[in-house]
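Letter by letter, the chains look like this.
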Amino acid sequence: MSSTEIELRGPLKAGDRERIETFLRSEGAQETTYRDLGIFFNANDFAAFGKFEAASARLQANQKTYDDGRVEQVAKLKVGTADGHARQEHEMHFKGAGLRTFFEIVKFFGIKEASFRPCERHDWTVGQIVLTLKFNHAIGDHYEAEMTNGSEATVREFLNKLGLTIWTGSEFKEVVMASRQGKYAYRPIEEGIVENNIQ
């Protein structure tokens, strides 16, 4: 599946969660909660990707674990720089042990490391916008606002209505780069698979 994704991000400050969730409920927004494991592959040595600071593409995967035991797995190729707010996104969804098979393919092509970043995730759907609140994340509590095949102006207007601060591209890069240490640093893919119980 391919689409153009508009995505803006920013920090969540003390008191933001209660205020935002109260507003979203009053608007009739629908909430989905799950444990999200984001996996960001180290493709720095590949010209088609480039280093994160000026990358032209990003390869990542996610495993979503719901309270009822359901597990969803997806791999994503995002084409566009990290400081851009509109990127082409290509997704592959897996069943069973599909994500582990994808890891083997990635390793075959020479990508041996990844950064594994779990968090508590709450997705709120408001019209065509999905506002995600992420807690206990490597880069701290923050939000992501996404709109598929929409306009950046629409997303910005929505976030301004909520009184949220929007990171600039350079601010987002700084936050991510500062978090790449300790257990969130790049490490062998197999270590992350075992530690995070990836199916």
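Quick caveat, the model's predicted, so the values are computed rather than measured. (Residues numbered from 1 in each chain as written. Predicted model: local features only at pLDDT ≥ 70, side-chain atom pairs only at ≥ 80, totals over all residues. Heavy atoms only, no water.)

**Side note on the nonpolar core**
Reasoning step 1: Counting 20 residues, the largest nonpolar core has Leu131, Leu133, Tyr143 and Leu159 as its most contacted members.
Reasoning step 2: When residues no more than four places from it in sequence are discounted, the contact partners of Leu133 are Leu12, Ile20, Glu21, Glu120, Arg121, His122, Trp124, His142 and Tyr143.
Reasoning step 3: Judged by nonpolar contacts, the second largest core, of 17 residues, contains Ala61, Phe102, Val106 and Ile198. (Core = buried A, V, L, I, M, F, W, Y, C linked by side-chain atoms within 4.5 Å. Buried < 20%, exposed > 50% of the residue type's maximum accessible area, 1.4 Å probe, protein only. Contact = heavy atoms within 4.5 Å.)

**A closer look at the confidence of the model for the protein**
Note that predicted coordinates carrying low pLDDT should not be read in detail.
Reasoning step 1: Looking at the protein as a whole, the pLDDT averages 89, with 89% of positions reaching at least 70.
Reasoning step 2: The secondary structure element of the protein with the lowest average pLDDT is strand S5 (residues 86-94), at 83, and the one with the highest is strand S7 (residues 129-135), at 97. (pLDDT = per-residue confidence, 0-100. Helix = DSSP H or I, 4+ residues; strand = E, 2+ residues; numbered from the N terminus.)

**Structural notes on the side chain of Gln60**
Reasoning step 1: Inspection of the secondary structure puts Gln60 in strand S3 (residues 57-65).
Reasoning step 2: Given a relative accessible area of 4%, Gln60 falls into the buried group.
Reasoning step 3: Within the structure, the side chain of Gln60 is placed 2.5 Å from the side chain of Arg58, a separation counted as a polar contact. (Polar contact = N/O pair within 3.5 Å; in protein donor to acceptor, adjacent residues only side chain to side chain.)

**Looking at the pairing of S3**
Reasoning step 1: For S3, the tally of buried residues reaches seven of nine residues, placing the bulk of the element in the interior.
Reasoning step 2: Pairing of strand S2 (residues 30-41) with S3 involves six bridges; the strand directions are antiparallel. Across the sheet, Phe40 pairs through a bridge with Gln60, a residue of S3.
Reasoning step 3: Pairing geometry for S3 and strand S4 (residues 71-79), over nine bridges, is antiparallel. Bridge assignment links Leu59 to a residue of S4, and that residue is Leu77.
Reasoning step 4: Where S3 hands over to S4, the hairpin turn is made up of five residues, of which Gly69 adopts a positive phi near 95°. (Pairing = 2+ DSSP bridges.)

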